[in-house]
Amino acid sequence: MNGVAFFLGVNFVVAVCFSAVFAVVATRSRSRLAALWFAAGFGIASLSALCELLVAYTSNSKIWALGAFATVLIGMMLLRVGIGHLYGRQLDKRIATFFIAASITLSYVIYDLPRGTPLQAFSYQSPFAVVLLDSAFVVLSSRGRQVIDRFLGILMLITGLHFFAKAGLAILVGSGTVAKDYIHTNYALISQSATAILVVAVGLTLLAALVLEIMADQRSESERDTLSTLANRRGFDRQVRALLDKAPNGSHAVILCDLDHFKRINDTYGHHVGDLVIKGFGQLMNDSAPKRAAIGRIGGEEFAIFLPETEIGSAVLFAQALRGAAMTLPDLPESLTVTASFGVSPLSTANGLAEAYQRADLALYNAKNAGRNQVKLASDDHAGTGDSRGETRL
Ligand code: GH3
Ligand code: MG
Ligand code: MG
């Protein structure tokens, strides 16, 4: 078997496999449309390998050569559309259609030019390079780039530039006198093997970008409480650790909060109303806490707030405001007044996270004992001792 035909076969199978994998990924991905465009792109581009074989082994070379050119270019353009969806830079459909039509026309016009001349070689390869360099630009200029995005952008840049290198190589070593000869040239061997490598690299990187996105979505889902829409304990802990990493030497504040007599609310008004209270209180916390704060529902009717770089006095004022607002939660039975108890503790390098939680918990316990519906501040002297005096009356 001819070596080039072998590579064409490999490229066909690889592209078809990527197309199928992207179609499957589309069923799970938030970027469903992007994945479907990638599936279509690889699907269409896979046909170019078949066209190349038909150029060599059938009599109607010109039509199949144009087919090979068009399927690769359309496939790349579809990838560009998918990339536009993924990175928020949509492609103007009219420009894309015009570009493809103009490029196919150009390819038709240069078909009869002597192969391997600079005009023929660069005219043939430039449209591919343009689409890929544009894709690279979209990825590299997108906001919020991660390592995988930078890698994808650079890979697309290299893939785009490699088409110019191909044109140079075709001029240097020749790509056959007529299209039919192409498959028997060394140039074709190098060109198709380079394509095989780049197709796999681009396909895998696009796949990795989508899979990482799915994993990030699943992690954020696993860290979110569906009823209150706040972070759950795991999510809250992770957010707090991230905030502490940002300002390890800052003075922060922790607020723990527990709804009062919640069991009674459930018993009197039903579980459904209890759920509405949790939902409403979660919404209230979300609306009133500063953007940089971490907020979580850390238990049934228990909540926590981490206020980074916040004076303890401001944290107490915030807790007091929350306590007051809880009493007027909307959309609840008129006879129901929701109250909550709060424990507030400072957190600094001298007093670590676990200790701050413990102090806040102790202050909360004291707020409950003191009659509920109040805010207690943990005192410095009795941290973590279990002493009921480990709080300050407010
Ligand atoms: P305290 O003032 O001492 O905190 O009393 P409490 O009744 O609020 O505390 P307790 O721990 O005795 O009861 C908490 C109740 O919260 C028990 C549980 O059934 C209820 N609960 C926990 N999660 C949910 C939930 O998601 N929805 C509803 N409706 N109730 C919940
Ligand atoms: Mg309670
Ligand atoms: Mg409780």
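What you are looking at is a predicted structure, and each value in this text was computed from that prediction instead of being measured. (Residues numbered from 1 in each chain as written. Chains lettered and ligands numbered in written order. Predicted model: local features only at pLDDT ≥ 70, side-chain atom pairs only at ≥ 80, totals over all residues. Heavy atoms only, no water.)

Describing the confidence of the model for the protein chain
Reading fine detail from the predicted coordinates is not recommended where pLDDT is low. Residues at a pLDDT of 70 or more form 95% of the protein chain, whose mean pLDDT is 90. By mean pLDDT, the top-scoring element of the protein chain is strand 3 (residues 302-307) (98), and the lowest-scoring one is strand 6 (residues 391-392) (48). Scored below 50 in pLDDT, residues 381-393 makes 29 contacts in the model with residues more than four places away or belonging to other chains. (pLDDT = per-residue confidence, 0-100. Helix = DSSP H or I, 4+ residues; strand = E, 2+ residues; numbered from the N terminus. Contact = heavy atoms within 4.5 Å.)

A few points about the nonpolar core
By size, the foremost hydrophobic cluster in this structure holds 38 residues, and its most contacted members are Phe-22, Phe-38, Ile-83, Tyr-87 and Leu-206. Here the element with the most residues in this core is helix 3 (residues 61-87); it accounts for 8 residues. Dropping the residues within four chain positions of it, Ile-83 is found in contact with Phe-38, Gly-88, Ser-135, Val-138, Val-139, Met-156 and Leu-206. (Core = buried A, V, L, I, M, F, W, Y, C linked by side-chain atoms within 4.5 Å. Buried < 20%, exposed > 50% of the residue type's maximum accessible area, 1.4 Å probe, protein only.)

A word on a nonpolar patch on the surface
Where nonpolar side chains cluster on the molecular surface, the patch consists of Phe-122, Leu-157, Leu-161, Phe-164 and Ile-171 and spans about 370 Å² of accessible area. Top contributing element to the nonpolar patch by residue count: helix 6 (residues 147-173), with 4 residues. Here Ile-171 falls in the partly exposed class, since its relative accessible area comes to 31%. (Patch = residues over 30% accessible without salt bridge, like charges linked within 9 Å, V, L, I, M, F, W, Y side chains within 5 Å. Areas by Shrake-Rupley, 256 points an atom, 1.4 Å probe, with all protein chains shown as cover. Salt bridge = Lys/Arg side-chain N within 4 Å of Asp/Glu carboxyl O.)

A word on the coordination of the magnesium ion (ligand 2)
Within the protein, the atoms that donate to the magnesium ion (ligand 2) are Asp-258 (OD), Leu-259 (O) and Glu-301 (OE), at distances of 1.8 to 2.2 Å. Written as a sequence motif, the donor arrangement for the magnesium ion (ligand 2) is D-L-x41-E. Distance-wise, the magnesium ion (ligand 3) is placed 3.7 Å from the magnesium ion (ligand 2), both being coordinated by Asp-258. Exposure class is identical for Asp-258 and Leu-259. Each is buried. (Donors = N, O, S within 2.8 Å, 3.2 Å for Na, K, Ca; no water.)

Here we look at the coordination of the magnesium ion (ligand 3)
Asp-258 (OD), Glu-301 (OE) and Glu-302 (OE) make up the full set of protein donors to the magnesium ion (ligand 3), lying at 2.2 to 2.4 Å. Motif for the magnesium ion (ligand 3), donor spacing along one chain: D-x42-E-E. When its relative accessible area of 10% is taken as the criterion, Asp-258 is described as buried. By relative accessible area, which is 31% here, Glu-302 ends up partly exposed.

Some words on the environment of His-252
Among the secondary structure elements, His-252 is positioned in strand 1 (residues 252-259). In this structure, the C-alpha to C-alpha distance between His-252 and Leu-353, residues 101 residues apart in sequence, is 9.9 Å. If near-sequence neighbours (up to four positions away) are discounted, His-252 is found in contact with Leu-244, Ala-247, Phe-306, Leu-307, Pro-308, Glu-309, Thr-310, Ser-345, Pro-346 and Leu-347. Engagement of the side chain of His-252 in a polar contact is seen with the backbone oxygen of Ala-247, the distance being 3.0 Å. (Polar contact = N/O pair within 3.5 Å; in protein donor to acceptor, adjacent residues only side chain to side chain.)

Looking at the pattern of salt bridges
Evaluation of the coordinates by the stated rule reveals 10 salt bridges. Between Lys-263 and Asp-267 there is a salt bridge, with its nearest N and O atoms 3.7 Å apart. Remark: Asp-267 and Lys-263 occur in helix 9 (residues 262-269); sequence separation between them is 4 residues, near one turn of the helix. Across the pair, exposure class does not vary: Lys-263 and Asp-267 are exposed alike. Across the pair Arg-359 and Glu-355 runs a salt bridge, and its minimum N-O distance is 3.1 Å. Taken together, the residues span about one helical turn, with Arg-359 and Glu-355 both in helix 12 (residues 353-369) at a distance of 4 residues. Residue Arg-359 is classed as buried on the basis of its relative accessible area of 7%. You can call Glu-355 partly exposed: its relative accessible area is 30%.

Describing the environment of Asn-351
Inspection of the secondary structure assignment puts Asn-351 in the loop between strand 4 (340-347) and helix 12. The contact partners of Asn-351, leaving out residues within four places of it in the chain, are Ser-345, Pro-346, Ala-356 and Arg-359.

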